[in-house]
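# Coordinate inspection notes
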Amino acid sequence: MAHSTTTPQPPSMHAAAPRSDDSPPQDRLLAVAAGRDVPSEVHEQVLAETPVLEIDRFNLWYGSKQALHGITMPIPNNQVTALIGPSGCGKSTLLRSVNRLNDLVQNVRITGDMRLNGDSIYDPRMDVIELRKRMGMVFQKPNPFPMSIYENVVYALRIDGESNRGVLDEVCELSLRGAALWDEVKDRLHESALGLSGGQQQRLCIARAIAAEPEVLLLDEPCSALDPIATGKVEDLIQELRGRYSVLMVTHNMQQASRTSDYTAFMYLGRLIEYGPTTDIFTKPMLRETEAYVTGRFG
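Since we're looking at a predicted model, the values are computed, not measured.

Here we take up the pairing of strand 11 (residues 263-268). In terms of burial, strand 11 is a largely internal element, 6 of the 6 residues being buried. On strand 11, burial covers both faces: Tyr263, Ala265 and Met267 on one face and Thr264, Phe266 and Tyr268 on the other are all buried. Where strand 5 (residues 80-84) lies against strand 11, 4 bridges are found, and the strand directions are parallel. Considered in strand 11, the bridge of Ile84 is made with Phe266. For strand 11 and strand 12 (residues 271-277), the ladder comprises 6 bridges, and the chain directions are antiparallel. Residue pairing across strands places Tyr268 opposite Arg271, the latter belonging to strand 12. Turn length for the strand 11-strand 12 hairpin, with the two strands adjacent in sequence and antiparallel, is 2 residues, and the turn residue Leu269 shows positive phi of about 50 degrees.

Core analysis: the largest hydrophobic core is formed by 54 residues, its most contacted members being Ile149, Leu176, Leu189, Leu204, Ile206, Leu217 and Ile273. Here this core gets 7 residues from one element, more than from any other, and that element is helix 9 (residues 198-211). Sequence-distant contacts of Leu189, that is, excluding residues within four places in its chain, are made with Ser148, Ile149, Tyr150, Cys172, Leu176 and Trp182. Counting 37 residues, the second-largest nonpolar core is a separate cluster that includes Leu53, Leu94, Met126 and Met135.

Okay, the environment of Leu174 next. Within the secondary structure, Leu174 is located in helix 7 (residues 165-178). With 62 residues separating them along the chain, Leu174 and Gly112 place their C-alpha atoms 38 Å apart.

Bringing the environment of Ser163 into the picture now. Positionally, Ser163 belongs in the loop between helix 6 (155-159) and helix 7. Expressed as a C-alpha distance, the spacing of Ser163 and Pro142, which sit 21 residues apart in the sequence, is 27 Å.

Take the environment of Gly178 next. Among the secondary structure elements, Gly178 is positioned in helix 7. With relative accessibility at 9%, the residue Gly178 sits in the buried group. For the pair Gly178 and Ala211, spaced 33 residues apart in sequence, the C-alpha separation works out to 9.1 Å. With residues up to four places along the chain from it excluded, the contact list for Gly178 reads Ile210, Leu237, Leu241 and Arg244.

The next subject is the packing of helix 9 against helix 10 (residues 228-241). With their axes 9 Å apart at the nearest point, helix 9 and helix 10 run at an angle of 20 degrees to one another. If you check the angle between helix 9 and helix 10, you find them roughly parallel. Both helix 9 and helix 10 take part in a crossing whose hand is right-handed. Between helix 9, through Gly199, Gln202, Arg203 and Ile206, and helix 10, the contact on the second element is made entirely by Ala230, Lys233, Val234, Leu237 and Leu241. Of the residues belonging to the contact of helix 9 with helix 10, the class tally is 5 nonpolar, 2 polar and 2 charged.

Now for unusual backbone geometry. We note that Asn78 has phi near 55 degrees; this positive angle belongs to a residue other than glycine. The phi angle at Leu269 is positive, at roughly 50 degrees, despite the residue not being glycine. Tracing the sequence through the fold places Leu269 in the loop between strand 11 and strand 12. On the basis of relative accessibility, which here comes to 38%, the residue Leu269 falls in the partly exposed class.

About the criteria used
- Residues numbered from 1 in each chain as written.
- Predicted model: local features only at pLDDT ≥ 70, side-chain atom pairs only at ≥ 80, totals over all residues.
- Heavy atoms only, no water.
- Buried < 20%, exposed > 50% of the residue type's maximum accessible area, 1.4 Å probe, protein only.
- Helix = DSSP H or I, 4+ residues; strand = E, 2+ residues; numbered from the N terminus.
- Pairing = 2+ DSSP bridges.
- Core = buried A, V, L, I, M, F, W, Y, C linked by side-chain atoms within 4.5 Å.
- Contact = heavy atoms within 4.5 Å.
- Axes fitted to C-alpha atoms, helices over the stretch in contact; angles between N-to-C directions.
- Parallel < 35°, antiparallel > 145°, perpendicular 65-115°, else oblique.
- Left-handed = near helix turned anticlockwise from the far one by under 90°.
- Nonpolar A, V, L, I, M, F, W, Y, C, P; charged D, E, K, R; others polar.

This is the structure:
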């Protein structure tokens, strides 16, 4: 994959523009749709947090089509950050860029950079396999390995050479407790993970991810394949993870973002429009465009 990196500089954030009562609520979105650049509105509370991940003027193209445009945003440490926006706005593309899954797609080109705890993700010297060990990734559809519940959870430790049964047992229990699954499966740890319900499988995938003590946990619409009851349990789990793990989550469900996240970023056609504390984004956003989206007036 061809890519280039820029010299890291302080992120260029823009202060809130005053609202104009006589301007239509979607001026910026029309400008974006017309291909023009618009400044992102990033709230001061975001900038006051210590970041685990810094996205710095990040652009991505699939062939000649640009999918991400100059994304600059810090992801706060030990907080849950949600990416929202209409389908095709670049949420999952941005998420998959964090652990370089887009490297696997032909004709991808990037400029800009991302830094995980200060380390450039796109530095040519970065070992991508080692990078991915520093992150947990949970996909839309549960994907447990065809092995026992126990072996699913301790998989990352096994491939790193850990064979001490006491260590493996402890990590398994702690991770399953962390994923709110221990009480449901503690008597069937050596049964196939494929025998679990869909919601249990997704929580197992989260347990597997946190067993490796990731620096950031990436969730790509983790509830989209689940029924409402299973969705509720996964949402409860995400809330339990707040303050203990750094979570970056893509969701198409705005109610889910409002219930589970500390910070929310609104994206549109590959651009970051507004990014701030979740309560502000949903109750008093700086931009009318954001208000129009979160209240369902478009999208």
